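If you want the building blocks of each chain, they are given just below.
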Amino acid sequence: MATPLETWVNEAALLTKPDAVVYCDGSEAEYQRMIAEMLRGGDSYALNEKTFPNCYLHRSSPNDVARTEHLTYICSSDKDDAGPTNNWMDPGAAKHKVGALLDGAMRGRTMYVVPYIMGPVNSPISKVGVEATDSPYVVASMHIMSRMGKVAMDRLGTSNDFVPGLHSLGDLDPMRRYILHFPEEKLIWSVGSGYGGNALLGKKCFALRIASVMAREQGWMAEHMLILGLESPDGKVTYMGAAFPSACGKTNLAMMVSALESQGYRVWTVGDDIAWMKIGDDGYLHAINPEAGFFGVAPGTGMRTNPNVMAALHKNTLFTNVAMTPEREPWWEGIGDEPPAGLINWKGEKWDSSKGAAAHPNARYTVPAQQSPSISPKWEGPEGVPISAFIFGGRRARVAPLVYESLDWQNGVFIGAMMASETTAAATGDVGITRRDPMAMLPFCGYNMADYFGHWLEMGKKIPKPPKIFHVNWFRKGADGKFLWPGYGENVRVLKWILERVEGRGAAQETPIGYVPAMNGLTLDGLKISDEALKELLSVNSEDWDAELEDSKQFFAKFGERLPREIREEHEKLARRFERVANAAR
Ligand code: GTP
Ligand code: SPV
Ligand code: MN
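Since the structure is predicted, the reported quantities are computational estimates derived from the model, not experimental observations.

Q: Give me the pattern of salt bridges: which residues, what numbers.
A: For the structure shown, the criterion picks out 34 salt bridges. As a salt-bridge pair, Arg 109 and Asp 134 come within 2.8 Å of each other at their nearest N and O atoms. Of this pair, Arg 109 sits in the loop between α4 (91-102) and β6 (110-118) while Asp 134 sits in the loop between β7 (127-133) and α5 (136-145), and the two are 25 residues apart along the sequence. Taking relative accessible area as the criterion, Arg 109 reaches 27% and is therefore assigned partly exposed. Residues Lys 496 and Glu 500 are paired through a salt bridge, measuring 2.9 Å at the closest nitrogen-oxygen approach. On the criterion of helical spacing, the pair formed by Lys 496 and Glu 500 is a turn pair, its members being four residues apart in helix α13 (residues 492-502). For the pair formed by Lys 496 and Glu 500, the shared burial category is buried. Here the residues in one salt-bridge network are Lys 203, Lys 204, Lys 250, Asp 273 and Glu 291, joined through shared partners.

Dropping the structure here:
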């Protein structure tokens, strides 16, 4: 008798009509077959085998270089269950419409069946997914980004406990591109894109949109968070999860080379993008990284900003939409040297400065996690790591100070719900527009975000030792338009303050928005920063916050009666605290 997996694959094949169906085993030989297939396809190139062994450049279609949020849908039977922040289609209508695009989409192609585990092989928090795809690039990427093939088949056996995802490149026309999630069925359909989060269905589609629904049903959390361990001079490691929107610094923070290493502070990487968390027997929330690799933003990554990842990228790495030097080495803006003569840009053209950026701003590397020198010895532990702090953050030229601490869990949830950030090249659309992005989950929450806030509030009651909640902003700018804070490895100074606050130390001043470091609260030795800049970084400007209160009020109003009472309460309390400060000053 056919297993549930075989039944689903047969149905998918009946619909898409591939010439052949191949079940992937996850072997090195299979990886090399995928690469050979990609090289034959003509949009992939082998890089310099001396300096970048087993590394390849892939160029995606120029209209297919980032997630497409306007083409991403939550298909719940009730529109309200998707909420005001998601695109919605009726599940039946969606299957009819997109089924027509998938019908025969794999004719002349091979369907690769990729069973994969999200999470360490033996972790009780991990889950199995299966992606059927006609893209060898997706299969090769899944080899790096997940534990796939035989290990996943062994874990799945004849069970039906897996999340199926059907993916076809289709004709890559954005007019016929859809990324659909069926939260009730726990099913994913994606057609018309070969790029990142649109096509590697284990990542944003399963590990966030579908998993966020499962997490609420089952009492755990699926978040757009990096996971890091901060080692202190006594050798103790304190784990933190940080949620920043796409291209706002998660990978860089998780892999940082600490500016305070000589003082005994070091950062260990557990994950760089997604955290799945369950309450452990010790009362802490325990986090695993569901992924096995890093799909990181290349531009801005160099020896000065992220030497750990630079060291990791010299072998077994797939590069997408970067530029290539005449020596067949990858190149991008911010790598640390001037563009060499004879550079080929991400579109495959001879580059000169009139052509704009040589690498696409959302160019990426795909690298096995264990290649990072900063990888934590605990990163594959089945029990996950205990989380002591949550850090929210965004890209804000003004408003948000460098760091502040929430008053308590409920206030921390409100801070996350109120988050905003300037948009980046990680998704198509305008860049630099400030938008509200609660918990960095706006594009990734698979259900009504009002219920999601409710889930956060509920979790706070259930976790015996809840993480303390903080907010950071590395992107505040001065009057000259330049970043006030040096960022990158220097961010460890902020992590150190967070650690001290977790331990009940650390000098702070109370403000209406929460606790901000006292002027002498941050360890700044060895850093050149003016008192003026520091003051501005830590300042809470009430005019800015009045505008913030108004804008967030309008955002929260979208949720109507479904918005948890606690969020409204926190909003009112924040407004009152600002009023009190204003009255006292009068
Ligand atoms: P996704 O993979 O899209 O989820 O992004 P991410 O959150 O992991 O962002 P990443 O660390 O890749 O950083 C994105 C961009 O922000 C890169 O160009 C970085 O160079 C830049 N960046 C990261 N950290 C800092 C920082 O501390 N300060 C400044 N100024 N820029 C930073
Ligand atoms: C993001 O956009 O948050 C990413 C890249 O991590 S993608 O896989 O395309 O979602
Ligand atoms: Mn991300």
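Picking up after the structure, the text goes on.
Q: Which residues make up the packing of helix α11 (residues 409-418) against helix α16 (residues 565-585), and what values do they have?
A: Close contact between α11 and α16 brings their axes to 9 Å; oriented N to C, the two are set at 90 degrees. Overall, the two elements α11 and α16 adopt an arrangement that is roughly perpendicular. Residues Gln 410, Asn 411, Val 413, Phe 414, Ala 417 and Met 418 of α11 form the contact with α16, whose participating residues are Glu 566, Ile 567, Glu 569, Glu 570, His 571, Leu 574 and Arg 577. When the residues that make up the contact of α11 with α16 are grouped by side-chain class, the tally is six nonpolar, three polar and four charged.

Q: Just give me the short version of the pairing of strand β17 (residues 285-288), but keep the residues and values in it.
A: Taken residue by residue, a regular strand's side chains alternate between the two faces of the sheet. The side-chain alternation of β17 yields two buried faces, one formed by Leu 285 and Ala 287 and the other by His 286 and Ile 288. As paired elements, strand β16 (residues 275-279) and β17 share four bridges and run antiparallel to each other. In the strand pairing of β17, Ile 279 is matched with Leu 285. The antiparallel hairpin formed by β16 and β17 contains five residues in its connecting segment, where Gly 283 sits at a positive phi of about 90 degrees. Where β17 and strand β23 (residues 385-393) come together, three bridges link them in antiparallel fashion. Following the sheet pairing, Ala 287 is matched in β23 by Val 385.

Q: Go over the coordination of the manganese ion (ligand 3) with me, naming the residues and quoting the values.
A: Protein coordination at the manganese ion (ligand 3) comes from Lys 204 (NZ), His 224 (NE2) and Asp 273 (OD), with a distance range of 2.1 to 2.5 Å. All donors of the manganese ion (ligand 3) belong to a single chain; written as a sequence motif, their spacing is K-x19-H-x48-D. Here the residue Lys 204 occupies a position in helix α8 (residues 202-218), and Asp 273 occupies one in the loop between β15 (266-271) and β16, the gap between them amounting to 69 residues. Residue Lys 204 shares its accessibility class with Asp 273, and that shared class is buried.

Q: I'd love a proper account of the site of ligand 2, names of residues and values included.
A: As a matter of local geometry, ligand 2 sits amid Arg 67, Gly 196, Gly 197, Lys 203, Lys 204, His 224, Ser 246, Asp 273, Phe 295, Arg 364, Ala 426 and Phe 444. Lys 204 places a side-chain nitrogen or oxygen 2.4 Å from an oxygen atom of ligand 2. Every element with two or more residues in the shell around ligand 2 is listed here: α7 (196-199) and α8. Considered class by class, the residues forming the shell around ligand 2 number three nonpolar, four polar and five charged. Looking at which domains feed residues into the shell around ligand 2, each of domain 1 (4-42 + 71-219) and domain 2 (223-291 + 377-580) supplies at least three.

Reading the values: rules and limits
- Residues numbered from 1 in each chain as written.
- Chains lettered and ligands numbered in written order.
- Predicted model: local features only at pLDDT ≥ 70, side-chain atom pairs only at ≥ 80, totals over all residues.
- Heavy atoms only, no water.
- Salt bridge = Lys/Arg side-chain N within 4 Å of Asp/Glu carboxyl O.
- Helix = DSSP H or I, 4+ residues; strand = E, 2+ residues; numbered from the N terminus.
- Buried < 20%, exposed > 50% of the residue type's maximum accessible area, 1.4 Å probe, protein only.
- Axes fitted to C-alpha atoms, helices over the stretch in contact; angles between N-to-C directions.
- Parallel < 35°, antiparallel > 145°, perpendicular 65-115°, else oblique.
- Contact = heavy atoms within 4.5 Å.
- Nonpolar A, V, L, I, M, F, W, Y, C, P; charged D, E, K, R; others polar.
- Pairing = 2+ DSSP bridges.
- Donors = N, O, S within 2.8 Å, 3.2 Å for Na, K, Ca; no water.
- Near = heavy atom within 4 Å.
- Polar contact = N/O pair within 3.5 Å; in protein donor to acceptor, adjacent residues only side chain to side chain.
- Domains from an automatic or database assignment.

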